[in-house]
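Summary of structural features
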Amino acid sequence: MPHTHEAAPGDPHSEPTGDGPDTRGPRLASVVVFVHDHDASADFYQELLNMEVTVRTATAALLVGRGGFQVYLRAVGPNAAHPVGHVGAQYVIWTADGPEDFQRCERVLRARSDRVYTRESEGFTLIEGRDPSGLPVLVAYPGPDEVARLEIITRYYV
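Everything in this summary refers to the structure shown in the same document.

Cut-off values and rules
- Residues numbered from 1 in each chain as written.
- Predicted model: local features only at pLDDT ≥ 70, side-chain atom pairs only at ≥ 80, totals over all residues.
- Heavy atoms only, no water.
- Pairing = 2+ DSSP bridges.
- Helix = DSSP H or I, 4+ residues; strand = E, 2+ residues; numbered from the N terminus.
- Axes fitted to C-alpha atoms, helices over the stretch in contact; angles between N-to-C directions.
- Contact = heavy atoms within 4.5 Å.
- Parallel < 35°, antiparallel > 145°, perpendicular 65-115°, else oblique.
- Nonpolar A, V, L, I, M, F, W, Y, C, P; charged D, E, K, R; others polar.
- Buried < 20%, exposed > 50% of the residue type's maximum accessible area, 1.4 Å probe, protein only.

This part is about the sheet that holds strand β3 (residues 60–64). Read across the open sheet, the four strands follow the order β1-β4-β3-β2; overall the sheet is mixed. A strand with exactly one partner marks an edge of an open sheet, and here the two such strands are β1 (30–35) and β2 (52–56). With strand direction ignored, the average angle separating the axes of adjacent strands in the sheet is 20 degrees. For β1 and strand β4 (residues 70–75), the ladder comprises six bridges, and the chain directions are parallel. Its bridge partner lying in β4, Val33 is registered against Leu73. Along the sheet face, helix α1 (residues 38–49) touches β1, β2, β3 and β4 and points at about 155 degrees away from the line of β2.

Attention now moves to the packing of α1 against helix α2 (residues 99–112). Relative to each other, α1 and α2 sit at 150 degrees, their axes nearing to 9 Å. Taken together, the axes of α1 and α2 are roughly antiparallel relative to one another. For the pair formed by α1 and α2, the contact residues are Ala40, Asp43, Phe44, Glu47 and Leu48 on the first element and Arg104, Cys105, Val108, Leu109 and Arg112 on the second. For the contact of α1 with α2, the class distribution of residues is six nonpolar, no polar and four charged.

Right, let's get into the pairing of strand β8 (residues 136–141). Every regular strand shows the same layout, with side chains that alternate between the two sheet faces. Most of β8 sits inside the fold, with five of its six residues counted as buried. Examined bridge by bridge, strand β5 (residues 93–95) and β8 share three bridges and lie parallel to one another. Paired with Thr95 across the two strands is Ala140, which belongs to β8.

Remember that the coordinates give geometry; whether it matters functionally is a separate question.
As C-alpha cells, then:
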C-alpha cells in the first residue's frame, strides 16, 4: 500500500494555494513543439498567437511573443507520429488577451483547422482546433489568473 501524506496547516510539504507570499516560483518561458513542417507551423502559430518569427533555419523556427515567451518549432518530417497517452506534455492551453482576442483566435482556428470544438465551463470558454501537423491547439478565455479552474476537463486526462 503506497504511503500518503496528509498535510497539516503550515506543513512544508503541503501544496500552495496560490494566495500567499510563498506561492511564487518558476514561470513557463518556452515550449518546444515537434511538427511535420516548421514553415507551415510557424505561419500558423505566428497568426494565431500574435508572435514574431525571430529565427528560421532549415529544420526549426523560433517564435517570440509579448513578454518574451518563446515557441520553438522543430521539423521532424511528415510521417512522425504524436502518440497520445505517452509520457510528456500532451496539450498546451493558451489564454486569449481579451474577448476580442479570443474571437480572433476562434476565427483563425475555424479558417485553418478542419476540426474545431468549443466548450463552456465554469466561468470560461475553451476552443480547440488543430495546427498544420494535426496537433491539438487550445485557447481559453478568461485565463486561470482571472477565473479559477474548479474542475479537470475529462477529455484531457482520460
